[in-house]
Amino acid sequence: MVVPHHPAGARLARHRLAGELADIVPPTLLADLIAVLAELVGNAVRHARPLPGGVVRVAWRLRPSTQGPLIQLGVTDGGASTAPRIRTASADAADGRGLHIVAGLATRWGVERDGMGQRVWAEFDPAPAPRSDLVPAG
């Protein structure tokens, strides 16, 4: 799907993703997918040029496996002068945490660049490995 290269594009993409996957994936995974897609579209709008027509391309793909679907999200934009990278943000910074969120929720993520722009993608395994960096509360 294509969405406007505008903050409203993230909302449109979130609603479409939620509508298409609500009956397919567990609610907690759907929440992670929505958060990551919003970050990727938001980053494209804030930091990259639009594709021709003033749009950003958003896609998701489910690949079946015995444990459930492997899900890949992708956002393609017109590229920027620098590649997306995780930044260190101070506690007072208003931004700079988006790719930390993506890296924390997705199994893996990356960037593909070609002569026309860039595609930032994030994958979610069907059965995520337990996180050793989390400690139960209490």
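Every value quoted in this text rests on a predicted model; they were computed, and no experiment measured them. (Residues numbered from 1 in each chain as written. Predicted model: local features only at pLDDT ≥ 70, side-chain atom pairs only at ≥ 80, totals over all residues. Heavy atoms only, no water.)

Peer 1: Whenever I open this one, helix α1 (residues 8-21) confuses me. Can you help?
Peer 2: Count 3.6 residues to each turn of an α-helix, and residues three or four apart come out pointing the same way. End to end, α1 covers 20 Å across 14 residues, agreeing with the expected 20 Å (1.5 Å per residue, within 8%). Among the residues of α1, those classed as buried are Gly9, Ala10, Ala13, Leu17 and Leu21. In an axial view of α1, the angular spread of the buried residues amounts to 95 degrees, which keeps them on one side of the axis. In α1, those exposed residues whose orientation departs by more than 90 degrees from the buried face are His15 and Gly19. Residues of α1 that are buried sit in contact with β1 (2-4), α2 (27-47), β2 (55-63) and β3 (70-77). (Helix = DSSP H or I, 4+ residues; strand = E, 2+ residues; numbered from the N terminus. Expected span 1.5 Å × (residues − 1). Buried < 20%, exposed > 50% of the residue type's maximum accessible area, 1.4 Å probe, protein only. Arc of directions from axis to C-beta. Contact = heavy atoms within 4.5 Å.)

Peer 1: In this structure, what is going on with the pattern of salt bridges? I would like to understand it.
Peer 2: Pairing between side chains of opposite charge can happen when the charged atoms of each approach one another. All chains considered together, the criterion is met by five salt bridges. A salt bridge links Arg16 to Glu20; the nearest nitrogen and oxygen atoms lie 2.8 Å apart. Residue Arg16 and its partner Glu20 are located together in helix α1, separated by four residues, close to a single helical turn. Look at Glu20 and you get partly exposed, because its relative accessible area is 38%. Of the charged contacts, one joins Arg119 and Glu112 as a salt bridge, the two residues approaching to 3.2 Å between their closest N and O atoms. Judged by relative accessible area, which is 22%, Arg119 ranks as partly exposed. Glu112 gets classed as partly exposed once you look at its relative accessible area, which sits at 42%. (Salt bridge = Lys/Arg side-chain N within 4 Å of Asp/Glu carboxyl O.)

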